[in-house]
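# Examination of the molecular architecture
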Amino acid sequence: MSSPVSPSAVVAVDSRVVKVGSSGADFASINDAIRASVDGDTVVVKLGQYDEVVILDKSVSVVAEANIELGDVVIAGGAVCTASRGSLERLTIKQLVDIRSGGVHIVECDISMGADCVRVGSEAHPVIKKCFIHHAQSSGDGIYFAQGSRGNVEDCDIASNRVNGVHVNGADVVVRGSRFRESPYGVFVRNGGKGSIEDNRGEGASCFGIYVQSHSTPLVARNAIGNCGIHGIMVSKEGQGMFKENAVHGSVRILRGCAPTLGTNSFQGRVDDENSRPLVPAPPA
């Protein structure tokens, strides 16, 4: 995957700052501010709750005003993102963040309570970084990547979602340095999904911490997985991938017909590999 574009790269030399708030601002509505902006501008949002669905269709940065706490700027209706670049930063967003296309950056946001918290469409390639993503409702995914999409999830806390923390459905996704907890499935990769799941911590999944199936080929490396209801790692339906340097405090199951490559891992529980292949043992303590 190519290196992500940093939010600062969006800002042009002649960029403007447009302010939003109930008083002392240019606009009372975030959407009005975006409509009045051009690519490269920054929309600074003052303290308050904004009862609107934010439409980010330009490459602008929408950021909370400096020196206020996360939770002081609330977008109550979610967001729809189609801009080629741009960002949402330090915002509390209720309802779905629907990234339909483009490479938006979502940075230091608290996102909750949507059908999914974040949904990434097939033409999108976002970076989601340092966010708290929690309590997805009916569809139930903290972050859902659709077939053909790609993206990076970095340093996020993904918790208490109805089904999956991160759901990679035929997409190319990097999940790195994050924590996924207290959902039925931590990270679920299926339908030829690829990318990597690296340096994460997973705990409290009621079913599986990491679940790989249906010809998916992720690199799964250096993750610490524990306290899962069924298995720390599960591979089924001809799942593949490379698993190395993981520390799993719990059981691991690999169903017949699956062909993951198993490097050196620390499995502190039952390992049930129906393919009867020798496992590379963990190094001595």
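Residues numbered from 1 in each chain as written. Predicted model: local features only at pLDDT ≥ 70, side-chain atom pairs only at ≥ 80, totals over all residues. Heavy atoms only, no water.

Glancing now at the nonpolar core. Counting 63 residues, the largest nonpolar core has Val62, Leu88, Ile106, Val118 and Ile143 as the members making the most contacts within it. Sequence-distant contacts of leucine 88, that is, excluding residues within four places in its chain, are made with Leu56, Val62, Ala79, Cys81, Ile93, Val104, His105, Ile106, Val107 and Cys109. The next biggest cluster of nonpolar side chains, apart from the first, holds five residues, and it includes Phe188, Phe208, Tyr211 and Met234. (Core = buried A, V, L, I, M, F, W, Y, C linked by side-chain atoms within 4.5 Å. Buried < 20%, exposed > 50% of the residue type's maximum accessible area, 1.4 Å probe, protein only. Contact = heavy atoms within 4.5 Å.)

Attention now goes to unusual backbone geometry. Look at aspartate 199: it is not a glycine, yet its phi comes out positive at around 60°. A positive phi angle, near 50°, is found at lysine 237, a position not held by glycine. With respect to the helices, strands and loops of the structure, lysine 237 is situated in the loop between strand S28 (231-236) and strand S29 (242-244). (Helix = DSSP H or I, 4+ residues; strand = E, 2+ residues; numbered from the N terminus.)

Taken across its six residues, strand S25 (residues 208-213) has six buried, putting it largely inside the fold. Across four bridges, strand S22 (residues 185-190) lies against S25 in parallel orientation. Counterpart to valine 187 in the pairing with S25 is isoleucine 210. Bridge count for S25 against S28 is five bridges, and the pairing is parallel. Paired with tyrosine 211 across the strands is methionine 234, a residue of S28. (Pairing = 2+ DSSP bridges.)

The subject of this paragraph is the environment of cysteine 131. Structurally, cysteine 131 is set in the loop between strand S14 (127-129) and strand S15 (132-134). Judged by its relative accessible area of 3%, cysteine 131 falls in the buried class. Along the primary structure cysteine 131 and glutamine 213 are separated by 82 residues, whereas in three dimensions their C-alpha atoms are 27 Å apart. Once residues lying within four places of it in the same chain are set aside, the contact partners of cysteine 131 are Ile106, Val107, Glu108, Cys109, Asp155, Cys156 and Asp157.

Turning our eyes to something else, we now look at the packing of aromatic side chains. Evaluation of the coordinates by the stated rule reveals five aromatic pairs. When the ring of phenylalanine 188 is compared with that of tyrosine 211, the centres are 4.9 Å apart and the planes differ by 15°; the resulting orientation is stacked. Here phenylalanine 188 is found in strand S22, whereas its partner tyrosine 211 is found in strand S25, with 23 residues between them in sequence. Assigned by exposure class, phenylalanine 188 and tyrosine 211 land together as buried. Taken together, Tyr185, Phe188, Phe208 and Tyr211 form an aromatic cluster joined through their ring pairs. (Phe/Tyr/Trp six-rings, centres within 6.5 Å; stacked < 30°, edge-to-face > 60°.)

Averaged over the protein chain, the pLDDT score is 93; the fraction of residues at 70 or greater is 92%. Note on residues 1-13: pLDDT is under 50 here. Beyond four places in sequence and across chains, it has 26 contacts. (pLDDT = per-residue confidence, 0-100.)

Next up on the list: the sheet that holds S15. Read from one edge to the other, the open sheet built from eleven strands follows the order S3-S6-S9-S12-S15-S18-S21-S24-S27-S30-S33, with strand pairing classed as parallel. Of all strands in the sheet, those bounded by a partner on one side alone are strand S3 (48-50) and strand S33 (266-267). In this sheet, strand S21 (residues 179-181) lies alongside strand S18 (residues 157-159) in parallel orientation, the contact comprising three bridges. From the neighbouring strand, aspartate 157 faces S21, where its bridge partner is arginine 179.

Pairing geometry for strand S17 (residues 150-154) and strand S20 (residues 172-176), over five bridges, is parallel. Bridge pairing in S20 places valine 153 opposite valine 175.

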